[in-house]
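# Coordinates in review
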Amino acid sequence: MKAVAKPTNFLDYLTEFANPVDDSFIELLEKSKDSFRLLSLKKNDFFVKEGAICEYFCYVESGILQHSIMVEDEEKTTYLALRNSVTSSLSSFLFNKPSRKNIKAISDCKLWIVDLKTFKNLIENNEAFHQFYYNLIEKQLCLIDDYRIDLLTLSPEERYHKLLATEPKLLQEVPLHYLSSFLGISSRHMSRIRKNIK
C-alpha cells in the first residue's frame, strides 16, 4: 500500500458535503484529505470479509464496491458504492466488531483509506471534516429510509424505474445480477423489465 498521489476528486466531494464558508475552511478540508492514503484493489479482491474487522473508511476514486450478505447460501447485494462516494462496514469500523457483511471490488478500484485512529482525530479536531461527516450521515440515513420504504411499497417495475431516474450510473456500470439482487428482483424478472422499456 503506497500513496503515490493525492485524491483528485476527493476535495470536491468533501466540499459538497461540508459547505465551506471561507478560505480557512477550505484549508481544513485540504488537511483532512491529506490524512487518507491510497489502496488499490483488483476485481474480486475484498475490502473486508464477513467476520473480520473492517479497518478502514474509504473514498472510492474509481471502481465499484459491492456490499453483500449470504442468505441461505445465496449472495444478496445490500449496497453498491460507485466512484466519488465513501463507504465502510461502518459498525465494524467504528466499534471494532466483526463485520456482518462482505465488501468486495466488482471492478478494479482505487480507494483512499483512513484508519480509525486518524478518522476519530479528524472528527474531533478538524471542524470541516466533522461537518462533512455529519452531513454525509444525515443524507445516508434519509436514503436508507427511502430504500426500505420503496421495498415495501413499490412494485419491481417501479423500483427499477426509480433507479433509472435517480441513479442511471448504476444501470450503466453494474452487472445485471448485482442490480437485481440490490433491488430485490429476480434476474429473470429484471431481464423482462428491461426488455419492456422502450
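One structure accompanies this document, and this report is about it. (Residues numbered from 1 in each chain as written. Predicted model: local features only at pLDDT ≥ 70, side-chain atom pairs only at ≥ 80, totals over all residues. Heavy atoms only, no water.)

## Some thoughts on the overall build of the protein
A tally of regular secondary structure across the protein gives nine helices and eight strands. For 198 residues, the compact-globule estimate of 2.2 N^0.38 gives 16 Å, and the C-alpha radius of gyration of the protein, at 18 Å, lies within 12% of that figure. Dimensions of the protein, computed from the C-alpha atoms along their principal axes, are close to 50 × 35 × 30 Å. Within the protein, the fraction of its 198 residues that count as buried is 39%. Partitioning the contacts of the protein with sequence separation of at least 6, the portion at a separation of at least 24 is 70%. Separation of charge centres in the protein, based on 27 positive and 27 negative side chains, amounts to 7 Å. (Helix = DSSP H or I, 4+ residues; strand = E, 2+ residues; numbered from the N terminus. Rg over C-alpha atoms; globule rule 2.2 N^0.38 Å. Buried < 20%, exposed > 50% of the residue type's maximum accessible area, 1.4 Å probe, protein only. Contact = heavy atoms within 4.5 Å. Lys, Arg positive; Asp, Glu negative; His and termini not counted. Charge placed at Lys NZ, Arg CZ, Asp CG, Glu CD.)

## Re the side chain of Ser32
Relative to the assigned elements, Ser32 resides in helix 2 (residues 23–33). Residue Ser32 is classed as buried on the basis of its relative accessible area, which comes to 0%. Separated by 2.7 Å, the side chain of Ser32 and the backbone oxygen of Leu29 make a polar contact. If we skip the residues at most four places from it in the chain, Ser32 touches Leu14, Leu122, Asn126 and Phe129. (Polar contact = N/O pair within 3.5 Å; in protein donor to acceptor, adjacent residues only side chain to side chain.)

## Things to note about the packing of helix 4 (residues 116–125) against helix 5 (residues 127–153)
The N-to-C vectors of helix 4 and helix 5 enclose an angle of 105°; their axes lie 5 Å apart at closest approach. When the axis of helix 4 is compared with that of helix 5, the two are roughly perpendicular. In this structure, helix 4 uses Phe119, Leu122, Ile123 and Asn125 to contact helix 5, whose residues at the interface are Glu127, Phe129, His130 and Tyr133. Broken down by class, the residue content of the contact of helix 4 with helix 5 amounts to five nonpolar, two polar and one charged. (Axes fitted to C-alpha atoms, helices over the stretch in contact; angles between N-to-C directions. Parallel < 35°, antiparallel > 145°, perpendicular 65-115°, else oblique. Nonpolar A, V, L, I, M, F, W, Y, C, P; charged D, E, K, R; others polar.)

## Digging into the pairing of strand 7 (residues 102–105)
Both faces of strand 7 are covered, namely the face carrying Asn102 and Lys104 and the face carrying Ile103 and Ala105. When strand 2 (residues 46–48) meets strand 7, the two strands line up antiparallel, connected through two bridges. The residue bridging Phe46 from the neighbouring strand is Lys104, located in strand 7. One ladder, built from four bridges, connects strand 4 (residues 65–71) with strand 7; its direction is antiparallel. Bridge assignment links His67 to a residue of strand 7, and that residue is Ile103. (Pairing = 2+ DSSP bridges.)

## Comments concerning the packing of aromatic side chains
Under the definition given, this model contains 15 aromatic pairs. Measuring from centroid to centroid gives 5.1 Å for Tyr13 and Phe17, while their planes differ by 55°, and the two rings are tilted. With Tyr13 and Phe17 both in helix 1 (residues 10–18), this residue pair falls four residues apart, about one helical turn. The class of Phe17 is buried, set by a relative accessible area of 8%. For the ring pair Phe36 and Phe129, a centre distance of 6.4 Å and an interplane angle of 50° mean the geometry is tilted. Within this pair, whereas Phe36 is found in the loop between helix 2 and strand 1 (37–41), its partner Phe129 is found in helix 5, the two being separated by 93 residues in sequence. (Phe/Tyr/Trp six-rings, centres within 6.5 Å; stacked < 30°, edge-to-face > 60°.)

## A closer look at the sheet that holds strand 2
Pairing is antiparallel in the open sheet, where four strands are placed in the order 2-7-4-5. The open sheet has two free edges, formed respectively by strand 2 and strand 5 (74–81), since each of these has just one partner strand. Here the strands of the sheet are splayed against their neighbours by 35° on average, with no regard to which way each runs.

## A look at the sheet that holds strand 3 (residues 56–62)
Taken in spatial order, the four strands line up as 1-8-3-6 in an open sheet, and their pairing is antiparallel. Each edge of the open sheet is held by one strand with a lone partner, namely strand 1 and strand 6 (85–87). Taken over all neighbouring pairs, the strand axes of this sheet differ in orientation by 35° on average, direction set aside. As judged from the five bridges shared by strand 1 and strand 8 (residues 109–115), these two strands associate in the antiparallel manner. Across the sheet, residue Ser40 finds its bridge partner in strand 8, namely Lys110. Along the sheet face, helix 4 touches strand 3 and strand 8 and points at about 70° away from the line of strand 8.

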